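# Observations on the three-dimensional arrangement
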Amino acid sequence: MSWEELFFDLAFVFALTQFSQLLHEDHGWAGIGRVLILFVPVYWAWGGVTLYINQRDTDAVVDRVGVFTLGFASLLMALTIPGAYEDHGLLFVGVYIASRALLAVLALRKRLSWRNLLVGPYVFFLLVGPLLVAGALMDGAPRIAFWAVAATVDLLSPWVVRHLTTQPRAQPVHYTHRYGLLIILVLGESVIEVGAVSVDGELNPVRLTAIGAAYAMVGVLAWLYFGFGLPDFRQALERAADQVDLRRAILVYGHLLFSFGIIAIAVGLADTVPAPLDPLPIREAMLLFGGCALFLGAFAYAHWRIHRTIAWRRIGGTVACLLLVPPAMVMPALAGVVCLILVVALVAAAEQLAVRRQGGDAAGGSAGYRPFSDEDPDSGPATAGV
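Let us look at the structure shown here. Note that the structure is predicted; figures quoted are calculated from it, not measured. (Residues numbered from 1 in each chain as written. Predicted model: local features only at pLDDT ≥ 70, side-chain atom pairs only at ≥ 80, totals over all residues. Heavy atoms only, no water.)

Bringing the packing of aromatic side chains into the picture now. Enumeration over the complete set of coordinates arrives at 17 aromatic pairs. Residues W46 and Y179 carry aromatic rings whose centres are separated by 5.1 Å and whose planes lie at 85° to one another, so their mutual orientation is edge-to-face. Of this pair, W46 sits in helix 2 (residues 29-54) while Y179 sits in helix 8 (residues 172-198), and the two are 133 residues apart along the sequence. By relative accessible area, W46 is classed as buried at 2%. Residue classification places Y179 among the buried positions, given a relative accessible area of 1%. Plain terms: the ring middles of Y225 and F258 are 5.6 Å apart, the flat faces sit at 80° to each other, and that makes the pair edge-to-face. Of this pair, Y225 sits in helix 9 (residues 205-228) while F258 is found in helix 11 (residues 243-272), placing the two residues 33 residues apart along the sequence. Residue Y225 is classed as buried on the basis of its relative accessible area of 0%. Taken together, the aromatic side chains of Y225, F226, F233, F258, F295 and F299 make up a single cluster linked through ring pairs. The side chain of R308 reaches across the aromatic face of W304, ending 4.3 Å from its centre. (Phe/Tyr/Trp six-rings, centres within 6.5 Å; stacked < 30°, edge-to-face > 60°. Helix = DSSP H or I, 4+ residues; strand = E, 2+ residues; numbered from the N terminus. Buried < 20%, exposed > 50% of the residue type's maximum accessible area, 1.4 Å probe, protein only. Lys NZ or Arg CZ within 6 Å of the ring centre and 35° of its normal.)

Pasting the structure below:
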């Protein structure tokens, strides 16, 4: 993984804080929907750069300058997120369109043709761009509607593109590590959220316990994902005959769910720290427990997509999170977080038992996995600088 990629991610971290702030301001379904509509283009911009770097040698000056410029565009997008539905809508859209256009020029500059431009992933942007501009020129519900349609087109585009053109294979180690780093960034934002609401308050024993519980919650999520998710994803991409379809399912779509679930959890945890002995209101409870259910549900989906078997342990954890919502509204918020920790920890423990029963080569775990290793048996010239 190159330092250019890590530098590019700095702006994305700032965007995550902006999304969390928007969710803090509106926990309702409408607020969640508005945040998701904005999250899709930012996530799409990050994913496009990730695939581009996976296929390029970032030691080349043009590519390096391009990544820096795209990082600056991500920073500008992040700055406009709080006012995207108000005065900064047109600026948000303008920066996004400019970044997508620059990425297309960089990706196609050595093989630019009408076919590459009009048949493949870039053709959908010719539809998304006008929808975003039309929405930015309107206010209120019409803007939300146009942007929602644009986000839907973006989400459907990878599924449609597979029928139009043949996509190259990605380098499994680098590609999965990039999405693993995405999860680290989102988990890190969860810690920042908890720290931000704690720094100005009294650090009494109850609050310190709540902070510790929030940190433990983030820790068990990391344990589950990096212990039993990322190794499985990498092995699946290495072995898949149709790698493009699989990486689209478990990385592009799956990590959209993972990321948004963790953002919801982060906001919910931040709401528990100021008053850990009070019950959570229904919206805060739905955000916290629903976010955890979304995370575990995405985990179950990834297992089914790779192995075509039902991950009952993960589905059980998803259902348990949802069943905890009603009691969470009457029990202390701290107790609710502890219950969530136990649910995720039990899922992780069950995964570990399954790995041991199958000799360390179970779905979701591998004794031979080396996190963030540069050694990729499939590496070729395209991975130079990765």
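Examined against the element boundaries, D242 turns out to sit in the loop between helix 10 (230-239) and helix 11. Residue D242 is classed as partly exposed on the basis of its relative accessible area, which comes to 47%. C-alpha of D242 to C-alpha of R169: the two residues are 73 residues apart in sequence and 8.8 Å apart in space. Reaching out from D242, the side chain makes a polar contact with the backbone nitrogen of D245 at a distance of 3.3 Å. (Polar contact = N/O pair within 3.5 Å; in protein donor to acceptor, adjacent residues only side chain to side chain.)

The subject of this paragraph is the pattern of salt bridges. Opposite charge on two side chains lets them pair, provided their charged atoms get close. Scanning the entire structure with this criterion turns up ten salt bridges. Salt-bridge contacts for R100 lead to D154; the nearest nitrogen and oxygen are separated by 3.6 Å. In this pair, R100 is assigned in helix 4 (residues 89-108) and D154 in helix 7 (residues 141-161), connecting sequence segments 54 residues apart. Neither R100 nor D154 differs from the other in exposure class; each is buried. Note that R313 and E351 form a salt bridge whose closest N and O atoms lie 3.4 Å from each other. Of this pair, R313 sits in helix 13 (residues 312-323) while E351 sits in helix 15 (residues 333-357), and the two are 38 residues apart along the sequence. Note on R313: relative accessible area 33%, which makes it partly exposed. Looking at E351, the relative accessible area reads 1%, which means it is buried. Because the salt bridges share partners, they merge into one network encompassing E5, D9 and R178. (Salt bridge = Lys/Arg side-chain N within 4 Å of Asp/Glu carboxyl O.)

Next up on the list: the side chain of R207. For R207, the location among the structural elements is in helix 9. The buried charged residue R207 lacks any salt bridge, with E202 as its nearest oppositely charged partner at 7.5 Å. Of note is the side chain of R207, whose polar atom sits 3.0 Å from the backbone oxygen of P274. Each residue touching R207, except ones within four places of it in the same chain, is listed here: V197, S198, G201, E202, V273 and P274. (Lys, Arg positive; Asp, Glu negative; His and termini not counted. Contact = heavy atoms within 4.5 Å.)

What follows covers the packing of helix 2 against helix 11. The contact between helix 2 and helix 11 brings their axes to 11 Å, and the two run at 135°. As judged from the angle between their axes, helix 2 and helix 11 are oblique. Helix 11 is crossed by helix 2, and the crossing has right-handed handedness. Where helix 2 abuts helix 11, its residues I32, V35, L36, F39, Y43, W44 and L51 lie against R247, L251, V252, Y253, H255, L256, S259, F260 and I263. Broken down by class, the residue content of the contact of helix 2 with helix 11 amounts to 13 nonpolar, two polar and one charged. (Axes fitted to C-alpha atoms, helices over the stretch in contact; angles between N-to-C directions. Parallel < 35°, antiparallel > 145°, perpendicular 65-115°, else oblique. Left-handed = near helix turned anticlockwise from the far one by under 90°. Nonpolar A, V, L, I, M, F, W, Y, C, P; charged D, E, K, R; others polar.)

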